[in-house]
Amino acid sequence: MRDMEEFVREEVVLPSAPGEAEHPALSLANSAVTLPGGHTADLLGTPAQAEQWLNQRDLAPADTGMAEMCATQLRSLREQVRSLLASRVAGQPALPAAVAAINDAMSRVPTASLLRWDEKTGPYRATPHPTTAIVEHALATIAADAADLLTSADAARLTACASPPCNRFLLKHGRRQWCSTRCGDRVRAARAYARRTAME
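What you see is a predicted model; the values in this text were computed from it and never measured.

Thresholds, definitions, all that
- Residues numbered from 1 in each chain as written.
- Predicted model: local features only at pLDDT ≥ 70, side-chain atom pairs only at ≥ 80, totals over all residues.
- Heavy atoms only, no water.
- Helix = DSSP H or I, 4+ residues; strand = E, 2+ residues; numbered from the N terminus.
- Core = buried A, V, L, I, M, F, W, Y, C linked by side-chain atoms within 4.5 Å.
- Buried < 20%, exposed > 50% of the residue type's maximum accessible area, 1.4 Å probe, protein only.

A. Broad picture of unusual backbone geometry. Pro164 connects to Pro165 through a cis peptide bond whose omega is 5°. Considering the arrangement of structural elements, one finds Pro165 in the loop between strand E6 (158–160) and strand E7 (169–171). A positive phi is found at Asp58, a non-glycine position, where the angle reads about 55°. Here Asp58 lies in the loop between helix H2 (47–56) and helix H3 (68–90).

Next comes the structure, spelled out in structure tokens:
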């Protein structure tokens, strides 16, 4: 039987949700979006899309050459970050596996450049930058931002978009409960329709 939920792999242009510019972890959480009509857009669906997403946020160079394994790691971290944000919004305890995943991503990357020794030029310090190291550094940066977001004053403003079926998170500004004008318009249209049908 075919799955009712259809994944949209082509580029989907969505406005940033409030808070995404300041928090790459929030942006990562919102990189899988549930759209009307049972569609889901995955902005990290392919290695090329994942690389582009990292590059747009200055977390990896354009020529990183990401493999599926690296894109899978990024998607996996996204699910853990989403779990933590959902727990915070609902006021529920976080899943221990999600907390462990964030701590693992943060601690996997050395905080200092390493000592290297060249036979001709002697000792020097450098940070290796193969693709795996670049991706691990990006994951560590996002994980650290998730930890900062969840423990900062901004955590009190964290909420889920109030426009079903949207599943994005945002930082509230005033009474706004929607991630975008598009979602706000959809809620207002639904309310207007409900009022019209109630009067008939």
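There is more to say after this.
B. Up close: the nonpolar core. Grouped together as the largest cluster of nonpolar side chains are 32 residues, with contacts concentrated most on Leu54, Leu74, Val81 and Ile142. At the level of elements, helix H1 (24–29), H2, H3, helix H4 (96–107), helix H5 (131–151) and E7 are the ones that each hand at least two residues to this core. Ranked by residues supplied to this core, first place goes to H5 with eight residues. Residues Ala17, Cys161, Leu170 and Cys179 belong to the second largest nonpolar core, which totals seven residues.

Scope: geometric values only; no functional claims are made or implied.
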